[in-house]
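Structural overview for review
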Amino acid sequence: MYHEALSKELARDRPYTERSECERIGENGLPGGLTWEEFVSTRTESRLSSAIAGTYPLELFTRGDGRWWLPRAYADLLNRWEVLEEKLLERARLCSRCGARGPRWSGWRTPTKTGYVTMCPPCSGAEPTAYTGHLRGVPYGQMRARKLRADDYLCRLCQSSRASVWDHCHEHDLVRGPLTELTHELLQVRRAFR
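These remarks concern the structure in this document. (Residues numbered from 1 in each chain as written. Predicted model: local features only at pLDDT ≥ 70, side-chain atom pairs only at ≥ 80, totals over all residues. Heavy atoms only, no water.)

1. Some details on the nonpolar core
- Judged by nonpolar contacts, Tyr131, Leu135, Val138, Tyr140, Met143, Ala150, Tyr153, Ala163, Trp166 and Val175 together constitute the single largest core of 10 residues.
- If sequence neighbours within four positions are ignored, Tyr140 has contacts with Trp166, His168, Asp173 and Val175. (Core = buried A, V, L, I, M, F, W, Y, C linked by side-chain atoms within 4.5 Å. Buried < 20%, exposed > 50% of the residue type's maximum accessible area, 1.4 Å probe, protein only. Contact = heavy atoms within 4.5 Å.)

Next comes the structure, spelled out in structure tokens:
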């Protein structure tokens, strides 16, 4: 809501010192003089339309006694959804082999030939072979044509987790080696700031 109120203020093209209105809550319960119709129309036009548990709650809100209200049945649905989501997250944290409990958010997501599974680093490193650098400098397109999979190897940097992507130079199209997805993303950020 604050983002939409700030967007409305910026569209008015006023000096920065006069933009304090976008944070003040108005009589209608929305910040910056934003109307309910403006807020709903901007959210439904956006591809990030506010969906919760596969539903769109904006149409269900009503205003009364100076507060925003949701129907009780919908609030119960959201509560049940949160409980189920929490149970699913707890199950996804358990290593599928040894049952060890991992980090809360996607730390042990491991690619396999049948899809992603949750495996702790020792279990995910049990099958793949260590990368020896033997594929360094091979064209990336050739790796794909030969159907060589990064998840058949350990990450070339940590040497303990199963790799998930081939790190390669986009300019020369040459492979550097297999990496975990997180390590690959961190290297990309680091290269961008060089």
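On we go from here.
2. Some words on the pairing of strand S6 (residues 175-179)
- Counting buried residues in S6 gives 4 out of 5 residues, a clear majority hidden from the surface.
- Across 4 bridges, the pairing between strand S5 (residues 165-168) and S6 is antiparallel. Note on S6: the bridge partner recorded for Val165 is Leu179.
- Linking S5 back to S6 in an antiparallel pair, the connection comprises 6 residues, with Asp173 at a positive phi of about 65 degrees. (Helix = DSSP H or I, 4+ residues; strand = E, 2+ residues; numbered from the N terminus. Pairing = 2+ DSSP bridges.)

3. Brief notes about the packing of aromatic side chains
- For the structure shown, the criterion picks out 2 aromatic pairs.
- Judged by centre distance (5.9 Å) and plane angle (85 degrees), the ring pair of Tyr131 and Tyr153 falls under edge-to-face. With Tyr131 in the loop between helix H4 (121-124) and helix H5 (140-145) and Tyr153 in the loop between H5 and S5, this residue pair connects regions lying 22 residues apart in the sequence. Tyr153 shares its class with Tyr131; the two are buried.
- Chaining the aromatic ring pairs together yields one cluster made of Tyr131, Tyr153 and Trp166. (Phe/Tyr/Trp six-rings, centres within 6.5 Å; stacked < 30°, edge-to-face > 60°.)

4. With respect to the side chain of Asp167
- Inspection of the secondary structure puts Asp167 in strand S5.
- Judged by relative accessible area, Asp167 falls into the buried class, the value being 0%.
- If we skip the residues at most four places from it in the chain, Asp167 touches Arg156, Val175, Arg176, Gly177, Leu179, His184, Leu187 and Arg191.

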